[in-house]
Amino acid sequence: MQKFTADVIDIISNIPSGKVMTYGQIARLAGSPRGARQVSRILHSMSRKYNLPWHRVINARGEISIKDEELYNVQKLSLESEGILFNGNAIDLGKYQYKV
């Protein structure tokens, strides 16, 4: 496994309940500032295997990026069950973003 991939898995695994991180934030922390799409691919391919809290990763606008309506609702409900409130379709990153 590549170091970047291992670092991404570690970072996502440690996002606490009730907090979120952005794809770009995770990529920067893992050493690849332009690697947000790679973070997305890692989430897609490894969430189940590593039991990652995939629902805690959102885009830089504080929005859920998933286009599939059912998965979008699963992510939104998962975040709301952890106490995260939405303002329309967005989350207040100032309040809920996890900073390492």
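That block above? That's the structure.
Everything in this summary refers to the structure shown in the same document. From a predicted model like this one, the values you see are computed outputs, not experimental measurements. (Residues numbered from 1 in each chain as written. Predicted model: local features only at pLDDT ≥ 70, side-chain atom pairs only at ≥ 80, totals over all residues. Heavy atoms only, no water.)

As for helix α1 (residues 3-13)
Along α1, the positions that sit buried rather than exposed are Phe4, Thr5, Val8, Ile9, Ile11 and Ile12. End-on, the buried residues of α1 take up no more than an arc of 165°, which puts them together on one face. On its buried face, α1 is in contact with β1 (21-22), α2 (23-29), α3 (36-50) and β2 (57-58). (Buried < 20%, exposed > 50% of the residue type's maximum accessible area, 1.4 Å probe, protein only. Helix = DSSP H or I, 4+ residues; strand = E, 2+ residues; numbered from the N terminus. Arc of directions from axis to C-beta. Contact = heavy atoms within 4.5 Å.)

Some words on unusual backbone geometry
Despite not being glycine, Asn51 has its phi angle at roughly 50°, a positive value. Within the secondary structure, Asn51 sits in the loop between α3 and β2. Exposure remark for Asn51: the relative accessible area of 68% places this residue in the exposed category.

Some points on the pattern of salt bridges
Charged atoms that come close allow side chains of opposite charge to pair. Applying the stated criterion to the full structure yields three salt bridges. Of the charged contacts in the structure, one is a salt bridge between Arg56 and Glu82, with a shortest N-O distance of 2.7 Å. In this pair, Arg56 sits in the loop between α3 and β2 while Glu82 sits in the loop between α4 (69-81) and β3 (86-87), placing the two residues 26 residues apart along the sequence. In this structure, Arg56 and Glu82 share a single accessibility class: buried. (Salt bridge = Lys/Arg side-chain N within 4 Å of Asp/Glu carboxyl O.)

Overview of the packing of α1 against α3
At a closest axis distance of 10 Å, the pairing of α1 and α3 adopts a crossing angle of 65°. Judged by the angle between their axes, α1 and α3 are roughly perpendicular. Once α1 is placed against α3, the crossing between them reads as right-handed. Only Gln38, Val39, Ile42, Leu43, Met46 and Tyr50 of α3 make contact with α1, whose side of the interface consists of Phe4, Thr5, Val8, Ile9 and Ile12. Taken together, the residues of the contact of α1 with α3 sort by class into nine nonpolar, two polar and no charged. (Axes fitted to C-alpha atoms, helices over the stretch in contact; angles between N-to-C directions. Parallel < 35°, antiparallel > 145°, perpendicular 65-115°, else oblique. Left-handed = near helix turned anticlockwise from the far one by under 90°. Nonpolar A, V, L, I, M, F, W, Y, C, P; charged D, E, K, R; others polar.)

Remember, this is a structural readout, not a statement about activity or role.
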